[in-house]
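# Observations on the model geometry
Next come the chains, spelled out residue by residue.
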Amino acid sequence: MLIGVAGGGNVASGDGLVFQPMIGAEYKINESFGIQTSFGKIKALNGNLDTMLMDIGFSYKFKTID
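Right, let's walk through the structure included here. Bear in mind that the values here come from a model prediction, so they are computed numbers and not experimental data.

### Looking at the overall build of the protein
Summing up its helical and strand segments, the protein has zero helices and five strands in all. Secondary structure elements in the protein, listed N-terminal to C-terminal, are β-β-β-β-β. C-alpha extents for the protein along the principal axes are approximately 50 × 25 × 20 Å. Counting only residues that meet the buried cut, the protein has 18% of its 66 residues in that class. Per element, the accessible surface of the protein, about 5,300 Å² overall, is 60% carbon and sulfur.

### Examining the pairing of strand 4 (residues 33–44)
The pairing of strand 2 (residues 17–20) with strand 4 spans two bridges and is antiparallel. Residue pairing for strand 4: valine 18 is matched across the bridge by alanine 44. Pairing of strand 3 (residues 22–28) with strand 4 involves seven bridges; the strand directions are antiparallel. Note that in strand 4 the partner of glutamate 26 across the bridge is glutamine 36. The turn joining strand 3 and strand 4, which pair antiparallel and follow one another in sequence, is formed by four residues. Note: strand 4 against strand 5 (residues 50–60), 11 bridges, orientation antiparallel. In the sheet register, glycine 34 faces strand 5, and the bridge partner there is serine 59.

### Some points on the packing of aromatic side chains
A complete count under the given rule lists two aromatic pairs for this structure. Aromatic side chains phenylalanine 33 and tyrosine 60 sit 5.0 Å apart centroid to centroid with 55° between the ring planes, which places their arrangement in the tilted category. Highlighted residues: phenylalanine 33 in strand 4 and tyrosine 60 in strand 5, separated in sequence by 27 residues. For the ring pair tyrosine 60 and phenylalanine 62, a centre distance of 5.0 Å and an interplane angle of 85° mean the geometry is edge-to-face.

Calculation rules
Residues numbered from 1 in each chain as written. Predicted model: local features only at pLDDT ≥ 70, side-chain atom pairs only at ≥ 80, totals over all residues. Heavy atoms only, no water. Helix = DSSP H or I, 4+ residues; strand = E, 2+ residues; numbered from the N terminus. Buried < 20%, exposed > 50% of the residue type's maximum accessible area, 1.4 Å probe, protein only. Areas by Shrake-Rupley, 256 points an atom, 1.4 Å probe, with all protein chains shown as cover. Pairing = 2+ DSSP bridges. Phe/Tyr/Trp six-rings, centres within 6.5 Å; stacked < 30°, edge-to-face > 60°.

What follows is the structure, encoded as structure tokens:
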């Protein structure tokens, strides 16, 4: 859950306060690489902004020297 401010670019966020609940998962291809996806919604508390979101990304885990 993200809560913050938004605005500019004619985004209908009202006074600027928005929240963004998301849920997601990661599929590990191997020890270093993975694919992530998440779904959610962004909504303005006092404005017309109300839309669904989908994120897709790749992850890489760096290794440390022992």
